[in-house]
Amino acid sequence: MSVTLSDARVVTPDGVHDGWLTIEDGRITHIGRGQAPRDGLGLGGRTVVPGFVDIHTHGGAGGSFPDGDPETAATAAALHLSRGSTTLMASLVTAAPDTLTRAASALADLCEQGLLAGIHFEGPYIARSRCGAHEPTLLREPDVAEFRALVKAGRGHVRMLTIAPELPNALDVIRDAAAEGVAAALGHSDATYEQTIEGIDAGATVATHLYNAMPPLGHRAPGPIAALLQDERVTVELINDGVHVHPAMLRLAMHAAGAGRTALVTDAMAATGMGDGRYPLGPMTVDVVDGVARLASDAPGGGPIAGSTLTMDVAFRRTVREAGRSPVDAALMASLTPARVLGLDGEIGSITVGKYADLVVLDDDLRVGGVMKRGAWVRHP
């Protein structure tokens, strides 16, 4: 089956081009410029970007991945797909070992069905002082044997582990993760600059939601942020929702790391796509007020931030409109860079001949008008 999308502004890694695309058997076979074939589906000059790749998501549409319920997890994945995330990794939170094992096994089924691209363990090996929306009583020291059991439960679909490098045995687990092909992500940590470098040297390659749940930058004690931004081996996650990070700090990180080392993520939880209210996040309870998720608390303004209600299309749009980056850079950060983290950049992440036709059609306001996954419309433009 062959499909041609014509009269489009096509965002490729080397620029934005007025032209057209031909798709056959789910893959991009031609990228043309100028006059398109007459039999194509005309997009009226709308913008086509690669499908978004979200490597840090806890749920949506009322469903929470940490619950390990296949039905609600599939509903959450469908919501994010409708907003342009054609590749999605399910993130878990700190929980008891048997809970994590059950959830990983259930989510592995959805990975094998192609609904999810992998499993991310955010915890339980994180710092109590920076645990955020994780249950502190369930935190524990890194343990290679337990980590291997979790990887086994995920049946080859565990892709990432967030870990604090300063904890006892953390470097051993990071080395083991690297050997298992699991990306070790440094985060929820009180590490010093030097401890962060040790974690990177041990094999860590990702910074979990940079700035959040870690010490701030200091001119005498630079801490983890400086180490993570400076090291070319590290890809930094950023939550661009207008809540987690000040726009000036977003611009600073994007400038320091560049689009090739910056991955936009949502950190979305169950309330995404829903209204305000009370929702679960693993064993924790979260209140969402005016779209902002915080741990349930009687304190004025609520508790700590607990994930987000962000979707990747909004993160993309904010990166262009608020952070001032080009659509090319935004596409790199929303698609190709996170695809590299997953080791999938040879198949997805950019509009390139030979790659899967995972595409998002955006209107003049950069809002989603159509979503295609592997050459089939999920949301017709």
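Definitions and limits used
Residues numbered from 1 in each chain as written. Predicted model: local features only at pLDDT ≥ 70, side-chain atom pairs only at ≥ 80, totals over all residues. Heavy atoms only, no water. UniProt positions renumbered as here; feature names shortened; annotations may be inferred. Helix = DSSP H or I, 4+ residues; strand = E, 2+ residues; numbered from the N terminus. Buried < 20%, exposed > 50% of the residue type's maximum accessible area, 1.4 Å probe, protein only. 1 Å grid on protein atoms, 1.4 Å probe; cavity = no way out; pocket = protein on both sides within 12 Å on 5 of 7 lines; lining within 4 Å. Points joined across faces, edges and corners; volume = space filled by probe spheres on them. Nonpolar A, V, L, I, M, F, W, Y, C, P; charged D, E, K, R; others polar. Salt bridge = Lys/Arg side-chain N within 4 Å of Asp/Glu carboxyl O. Expected span 1.5 Å × (residues − 1). Phe/Tyr/Trp six-rings, centres within 6.5 Å; stacked < 30°, edge-to-face > 60°. Lys NZ or Arg CZ within 6 Å of the ring centre and 35° of its normal. Axes fitted to C-alpha atoms, helices over the stretch in contact; angles between N-to-C directions. Left-handed = near helix turned anticlockwise from the far one by under 90°. Contact = heavy atoms within 4.5 Å.

- In the annotation of an unreviewed UniProt entry, the entry for the protein chain reads N-acetylglucosamine-6-phosphate deacetylase, and the organism field reads Microbispora bryophytorum.
- Note on the protein chain: under the UniProt heading Sequence similarities (unreviewed entry), the record states "Belongs to the metallo-dependent hydrolases superfamily. NagA family."
- Annotation of the protein chain in UniProt includes, under Catalytic activity (unreviewed entry), the sentence "N-acetyl-D-glucosamine 6-phosphate + H2O = D-glucosamine 6-phosphate + acetate".

Observations concerning the UniProt feature "active site" (unreviewed entry) in the protein chain
Move 1: Mapped onto this structure's residue numbering, the UniProt feature "active site" (unreviewed entry) falls at Asp267.
Move 2: Inspection of the secondary structure puts Asp267 in the loop between strand S15 (262-265) and strand S16 (277-281).
Move 3: With relative accessibility at 5%, the residue Asp267 sits in the buried group.

Looking at empty space enclosed by the protein
Move 1: On inspection of all chains with the given rule, the structure shows 2 cavities of 30 Å³ or more.
Move 2: In this model, the largest cavity occupies a volume close to 50 Å³.
Move 3: Around the largest cavity, the lining residues are Val11, Thr12, Pro13, Pro50, Val328, Ala331, Leu332, Leu336, Gly349, Ser350 and Ile351.
Move 4: Only strand S1 (2-12) and helix H9 (327-342) provide two or more residues apiece to the lining of the largest cavity.
Move 5: Tallying contributions element by element places H9 first for the lining of the largest cavity, with 4 residues.
Move 6: When the residues that make up the lining of the largest cavity are grouped by side-chain class, the tally is 8 nonpolar, 3 polar and no charged.
Move 7: Roughly 30 Å³ of internal volume is contained in the second largest cavity.
Move 8: Surrounding the second largest cavity, Pro165, Leu186, Gly187, Ser189, Ala191, Thr196, Met214, Pro224 and Leu228 form its lining.
Move 9: Among the residues forming the lining of the second largest cavity, the class breakdown is 6 nonpolar, 3 polar and no charged.

A word on the pattern of salt bridges
Move 1: For the structure shown, the criterion picks out 16 salt bridges.
Move 2: A salt bridge links Glu112 to Arg155; its shortest N-O distance comes to 3.2 Å. Within this pair, whereas Glu112 is found in helix H2 (residues 97-112), its partner Arg155 is found in the loop between helix H3 (144-153) and strand S11 (158-163), the two being separated by 43 residues in sequence.
Move 3: A residue is classified by how much of its surface remains accessible, and Arg155, at 35% relative accessible area, is partly exposed.
Move 4: A salt bridge links Arg233 to Asp201, with the nearest nitrogen and oxygen atoms 2.9 Å apart. Placement of Arg233 in the loop between helix H6 (223-230) and strand S14 (235-239) and of Asp201 in helix H5 (residues 193-202) is noted, with a sequence separation of 32 residues between them.
Move 5: Residue classification places Arg233 among the partly exposed positions, given a relative accessible area of 44%.
Move 6: One salt-bridge network, in which partners are shared between bridges, spans Asp109, Glu112 and Arg155.

Section: the environment of Ile239
Move 1: By the secondary structure assignment, Ile239 is in strand S14.
Move 2: When the C-alpha atoms of Ile239 and Lys373 are compared, they prove to be 24 Å apart, with 134 residues separating the residues in sequence.

Let's talk about helix H1 (residues 70-82)
Move 1: If you check H1, its first and last C-alpha atoms are 18 Å apart, about what 13 residues at 1.5 Å a residue would give, namely 18 Å.
Move 2: Inspection of H1 places Ala73, Ala76, Ala77, Leu79, His80 and Leu81 among the buried residues, and these make up the whole buried set.
Move 3: Where H1 ends, the next residue or the one after it, Gly84, has phi of about 110°, a positive value.

What to know about the packing of aromatic side chains
Move 1: Under the criterion given, the structure shown has 1 aromatic pair.
Move 2: Note on Phe52 and Phe316: the rings are 5.6 Å apart at their centroids and 35° apart in plane angle, and the pair reads as tilted. Taken as a pair, Phe52 in strand S6 (residues 52-57) and Phe316 in helix H8 (residues 312-321) lie far apart in primary sequence, 264 residues in all.
Move 3: With relative accessibility at 1%, the residue Phe316 sits in the buried group.
Move 4: Between the NZ or CZ atom of Arg27 and the centre of the ring of Tyr356, over which it lies, the distance is 3.9 Å.
Move 5: Across the ring face of Tyr356, the terminal group of Arg374 is positioned such that the distance to the ring centre comes to 3.8 Å.

A short note on the packing of H8 against H9
Move 1: Where H8 contacts H9, the axes come no closer than 9 Å and their chain directions differ by 145°. Once H8 is placed against H9, the crossing between them reads as right-handed. Listed contacts from H9 to Met312, Phe316, Thr319 and Val320 of H8 are Pro327, Ala330, Ala331, Met333 and Ala334.
Move 2: Here the residues of the contact of H8 with H9 sort into 8 nonpolar, 1 polar and no charged.

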